[in-house]
Amino acid sequence: MDENCNIQEDNTYVLHGPSPSGSISQELLGKDILTSLLSRPKGKLAMIDAFTRETLLYSQFLQKCVNLATALHALGYQGQGTVIAICSENCLDYFIPIFAALLNGSISAPVSHFYTPYELQHVLGISNPKLVFCSAGVLDKFRQLKRTTTSSIERIVLFGNETHDSVENLDKFIENVLKGKIVDPKTFHPAEGRPENTVSLIFCSSGTTGLPKGVVLSHRCLSISFLHFLDEITVTENQLGLLPFFHAFGHIVSFRHLLSGYTIIFMKRFDEDVFLRSIQDYGLDTLMISPPMALFLAKSDKVLRYDLSTVKHVLCGAAPLSKDLEEEVKRRLNCEDMRQGYGLTETTLAVTMIRQGDQRPGSCGTLVNYMSGKVRDPATGRSLGPRQIGEFCWKGPLVMMGYYGNKQATKETFTSDGWLKSGDMGYYDEDGYFYVVDRMKELIKYNAFQVAPAELEAILINHPKISDAGVVGLPDRNAGELPLAFVVKKNDELTEKEVQEYIQGLVSPHKRLRGGVIFVESIPKNLSGKILRRQLREILKRHKTSIRSKL
């Protein structure tokens, strides 16, 4: 709810998604998982490691999932009272505890393997997991945390074939509990419950505006997200697991692929040549990417060394993509369509999507089934009409249950009448297509004018001598803030004056780079591709301090 209790909510302008084509399941996901996995042909591959070429069959995946679910049940780790944390780079074992938890009606909490012990202590303090499934690379961090008096961790289980002292790997853990028993998947009984009230996952929010919070998604959220996937995506058998599985984008997309019976060629880390070679060797026709990958596909000369002719469809999410960059990727790959979607972890990913065959460059699409949306004036609560910029707000069964154990943050994120406030600014046109302008808190205020960093960034990266850029506001006593650009050079001859004059020739006076240009080696971003402006502001502070010290 808004801090200003006098704000009157107005729902005059509300848009709705199209009528659904399928029915919503009234059961937990366990039954759908069993039905889906049991239907896979013998010898069908579930996953391939893009680096090592190791594989996992669907038959093996199913057997391990029901075995683990049975082992956890035997130890009392079942139902909504059990949270299981998963912390690892992308690997063959990753989704086994995820699916086992769904079968048991318990809760999974994927966390980043990049987290420091300090960050892990914070995020684990949100979900309080009893078990941790992790890779060898992060084992020491969890051992250290398990020894603390405040830790909820009772057991640690390793992915892969390695064993470390008293810590069992996944196969050994299952064997020791089941005493060699093999569970028949056809007779396994998954947990029952109400899907709208049963928690499936706790994701970490992006943390771009502070410490991460725990985003709670229900079984119903995942079920409806899967129905959208079936409606919107037509792909071949192989799909690239490029994005981190711990991130909502990479996790939910991969979950959908496994439930659909596709083969995921996953990458443990992003490697340009492995990425391009995987597209070429496996004949991928659809790519699901984030903006940094789009920028790479549009700019890198390496792209020209591989045969990417099988790519027909590219879908981009996680952050806004400019019309020009969208068109450049489409031209370079010679693909049929380049589409954007818009979503949040809090909305189980996409709430808007460009339909297949649609051509609306720069737009993030129209509303998906079951969802409603509006653009709201944050100051008055008034709903806005077409082409009026305000805050995106969403309502429907894809919206999270709330932030885990944080009633205050949950309350602050919803309006008084139940709309999720996204924090993203944008508008919709007369046809109901949405367009992202920027994060509300990231808008630069120059002499009362609002300047969207994303707009300037989209212009900058089209300069032939620039490979990447990020824009923030430089505090100014008179104007409030001055737009300032951090620029990654593609050509060493590029000068600050050249960049400023380039922008000056393309934008209104209040959008000019009056704060200057700082050349850097890279632009800090999170793993979904969002620019970490907080880090850019820290770099700016150090830059100003360095200049003063030299005077």
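Being a predicted model, the structure only gives us computed values, none of them experimental. (Residues numbered from 1 in each chain as written. Predicted model: local features only at pLDDT ≥ 70, side-chain atom pairs only at ≥ 80, totals over all residues. Heavy atoms only, no water.)

Draft legend 1. Representation of the overall build of the protein chain within the structure. In terms of helices and strands, the protein chain carries 15 helices and 26 strands. Relative to the compact-globule value of 24 Å for 551 residues, the protein chain shows a C-alpha radius of gyration of 24 Å, a close match. The dimensions of the protein chain, computed from C-alpha atoms along their principal axes, are 75 × 55 × 50 Å. Buried positions account for 56% of the 551 residues belonging to the protein chain. Put simply, 70% of the contacts in the protein chain that link residues at least 6 apart link residues at least 24 apart. Accessible area of the protein chain: about 23600 Å², with a carbon and sulfur share of 48%. Once the 63 positive and 61 negative side-chain charges of the protein chain are each reduced to a mean point, those two points are 3 Å apart. (Helix = DSSP H or I, 4+ residues; strand = E, 2+ residues; numbered from the N terminus. Rg over C-alpha atoms; globule rule 2.2 N^0.38 Å. Buried < 20%, exposed > 50% of the residue type's maximum accessible area, 1.4 Å probe, protein only. Contact = heavy atoms within 4.5 Å. Areas by Shrake-Rupley, 256 points an atom, 1.4 Å probe, with all protein chains shown as cover. Lys, Arg positive; Asp, Glu negative; His and termini not counted. Charge placed at Lys NZ, Arg CZ, Asp CG, Glu CD.)

Draft legend 2. Expanded view of the sheet that holds strand β12 (residues 286-289). If you trace the five strands from one edge of the open sheet to the other, you get β12-β13-β14-β15-β16, paired in mixed fashion. Strands at the two margins of the open sheet, each flanked by one partner only, are β12 and β16 (366-367). Taken together, the two bridges between strand β15 (residues 349-353) and β16 define a ladder with antiparallel strand orientation. Directly across from Thr352, in β16, lies its bridge partner Leu367. Set on the sheet, helix α8 (residues 248-260) makes contact with β12 and β15; between it and β15 the angle comes to about 85 degrees. Where helix α11 (residues 323-333) meets the sheet, it contacts β13 (313-316) and β14 (337-344), and its direction lies at approximately 140 degrees from that of β14. (Pairing = 2+ DSSP bridges. Axes fitted to C-alpha atoms, helices over the stretch in contact; angles between N-to-C directions.)

Draft legend 3. Focus on the pattern of salt bridges. Counted under the stated rule, the structure contains 21 salt bridges. A salt bridge links Glu196 to Arg220, with the shortest nitrogen-to-oxygen separation between them at 3.9 Å. Of this pair, Glu196 sits in the loop between α6 (170-178) and β8 (199-204) while Arg220 sits in helix α7 (residues 219-232), placing them 24 residues apart in sequence. We classify Glu196 as partly exposed; its relative accessible area is 27%. What makes Arg220 buried here is its relative accessible area of 14%. Across the salt bridge formed by Asp468 and Lys525, the nearest N and O atoms sit 3.0 Å from each other. Within this pair, whereas Asp468 is found in strand β24 (residues 466-476), its partner Lys525 is found in the loop between β26 (516-519) and α15 (533-550), the two being separated by 57 residues in sequence. (Salt bridge = Lys/Arg side-chain N within 4 Å of Asp/Glu carboxyl O.)

Draft legend 4. Up close: the sheet that holds strand β10 (residues 238-241). With mixed pairing, the four strands of this open sheet are ordered in space as β3-β2-β11-β10. Both edges of this open sheet fall to β3 (55-57) and β10, since each of them pairs with a single strand only. When the angles between neighbouring strand axes are averaged without regard to direction, this sheet yields 20 degrees. Here helix α2 (residues 58-74) sits on the sheet and contacts β2 (45-49) and β3; the angle it forms with β3, its principal contact strand, is near 75 degrees. Running at roughly 145 degrees to strand β11 (residues 263-266), α8 makes contact with β2, β10 and β11 of the sheet.

Draft legend 5. Up close: the packing of helix α1 (residues 29-38) against α2. Orientation of α1 relative to α2, taken along the N-to-C sense of each, is 150 degrees, at an axis distance of 10 Å. By the criterion of interaxial angle, the relationship of α1 to α2 is roughly antiparallel. When you trace α1 past α2, the crossing you get is left-handed. Side by side, α1 and α2 meet where Leu34, Leu37 and Leu38 of the first sit next to Tyr58, Phe61, Leu62 and Val66 of the second. For the contact of α1 with α2, the per-class residue count stands at seven nonpolar, no polar and no charged. (Parallel < 35°, antiparallel > 145°, perpendicular 65-115°, else oblique. Left-handed = near helix turned anticlockwise from the far one by under 90°. Nonpolar A, V, L, I, M, F, W, Y, C, P; charged D, E, K, R; others polar.)

Draft legend 6. Seen up close, unusual backbone geometry. A positive phi angle is found at Arg53, which is not glycine, with a value near 70 degrees. In this fold, Arg53 is placed in the loop between β2 and β3. Even without being glycine, Thr348 reaches a positive phi, approximately 55 degrees. Judged by its relative accessible area of 0%, Thr348 falls in the buried class.

Draft legend 7. Region of interest: the packing of α1 against α8. Here α1 crosses α8 at 50 degrees, and the two axes come no closer than 8 Å. Between α1 and α8, the angle is such that the two are oblique. Where α1 approaches α8, its residues Leu29, Asp32, Ile33, Ser36 and Leu37 are matched on the opposing element by Phe255, Leu258 and Leu259. Split by residue class, the contact of α1 with α8 holds six nonpolar, one polar and one charged.

Draft legend 8. Layout of the pairing of β13. A two-sided burial pattern is seen for β13, the buried positions comprising His313 and Leu315 on one face and Val314 and Cys316 on the other. The β-α-β motif built from β12, the intervening helix α10 (residues 291-299) and the parallel element β13 has right-handed crossover chirality. Where β13 meets β14, four bridges bridge the pair, whose relative direction is parallel. Residue His313 lies in a different strand from β14, and its bridge partner there is Asp337. Crossover handedness for the path β13 to α11 to β14: right-handed. (Right-handed = clockwise from strand over helix to strand, strands pointing away.)

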